[in-house]
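The residues making up each chain are set out below.
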Amino acid sequence: MTQTIIREARSADVAALVAIFAADDLGGHGDTTAPEAFGDYLRAFERIALSRNQTLYVAEREGQVVGTFQTMIVTSLVGRGSSSMIIEAVQTRGDMRGQGIGAEMIEFAIAEAKRRGLRLVQLTSNAGRKDAHRFYERLGFKQSHLGFKMALK
């Protein structure tokens, strides 16, 4: 079995990450590999990299980026001022799905949250991603809330 390395993303990974996001037909985020958009992605990467409470990760196999996820640590007065981890933008490259990479990424995030002594780990998933919902439930997540969004652009 090929070893998966999970590490913090580097700016050199941005093109591979954009390709993963742009190939996601269901997400509806408008991601694109068009050259004129690349600067937007690099600026976003730089903001994430400078944040003390956000981390962008990649999953790598044989030197290739095959997956990604981002974590954010938030502190709230709810729960006696505890901190939680939000997992966002979990994606595995289309040709690599079904090989356990997603589970490795989520397990890595959970272990990091435990190491930091956080209260809980939470994530949201597109309502249309029924396979992803079953995947998260297999990993121990429980559906507990109903999410809402409002597009501003």
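Scroll up for the structure.
It should be emphasised that the depicted structure is a prediction, and the values quoted were computed from it without experimental measurement.

Please clarify how the packing of helix α1 (residues 14–22) against helix α2 (residues 38–50) should be interpreted in this entry.
The relative placement of two packed helices is expressed as an angle between their axes plus a distance between the axes. One can describe the packing of α1 onto α2 by two numbers: an axis separation of 10 Å at closest approach and a directional angle of 110 degrees. By the angle between their directions, the pair α1 and α2 is classed as roughly perpendicular. As α1 runs across α2, the sense of the crossing is right-handed. Packed against α1, whose contacting residues are V14, A15 and V18, the element α2 presents F38, Y41, L42 and F45 at the interface. For the contact of α1 with α2, the class distribution of residues is 7 nonpolar, no polar and no charged.

Even after reading the chapter, I still don't get the side chain of T4, so can you show me in this structure?
With respect to the helices and strands, T4 occurs in the segment before β1 (5–8). Reaching out from T4, the side chain makes a polar contact with the side chain of R61 at a distance of 2.7 Å. There is a polar contact of 2.8 Å between the side chain of T4 and the side chain of E104. Aside from chain neighbours lying at most four places away, what touches T4 is A59, E60, R61, I101 and E104.

Explain the environment of Q143 to me, please; I cannot follow it from the model alone.
Assignment of secondary structure puts Q143 in the segment after α5 (130–138). Taking the C-alpha atoms as reference points, Q143 and T32, separated by 111 residues in sequence, lie 31 Å from one another.

I would appreciate a short explanation of α2 in the present structure.
In an α-helix, one turn spans 3.6 residues; hence positions three or four apart end up facing the same way. End to end, α2 covers 19 Å across 13 residues, agreeing with the expected 18 Å (1.5 Å per residue, within 8%). Of all the positions in α2, only Y41, F45 and I48 are classed as buried. The buried residues of α2 occupy one face: seen down the axis, they fall within an arc of 65 degrees. Those residues of α2 that are exposed and angled more than 90 degrees off the buried face are R47 and L50. In this fold, the buried residues of α2 make contact with α1, β2 (54–61) and β3 (64–75).

About the cut-offs
Residues numbered from 1 in each chain as written. Predicted model: local features only at pLDDT ≥ 70, side-chain atom pairs only at ≥ 80, totals over all residues. Heavy atoms only, no water. Axes fitted to C-alpha atoms, helices over the stretch in contact; angles between N-to-C directions. Helix = DSSP H or I, 4+ residues; strand = E, 2+ residues; numbered from the N terminus. Parallel < 35°, antiparallel > 145°, perpendicular 65-115°, else oblique. Left-handed = near helix turned anticlockwise from the far one by under 90°. Contact = heavy atoms within 4.5 Å. Nonpolar A, V, L, I, M, F, W, Y, C, P; charged D, E, K, R; others polar. Polar contact = N/O pair within 3.5 Å; in protein donor to acceptor, adjacent residues only side chain to side chain. Expected span 1.5 Å × (residues − 1). Buried < 20%, exposed > 50% of the residue type's maximum accessible area, 1.4 Å probe, protein only. Arc of directions from axis to C-beta.

These figures capture arrangement, not role.
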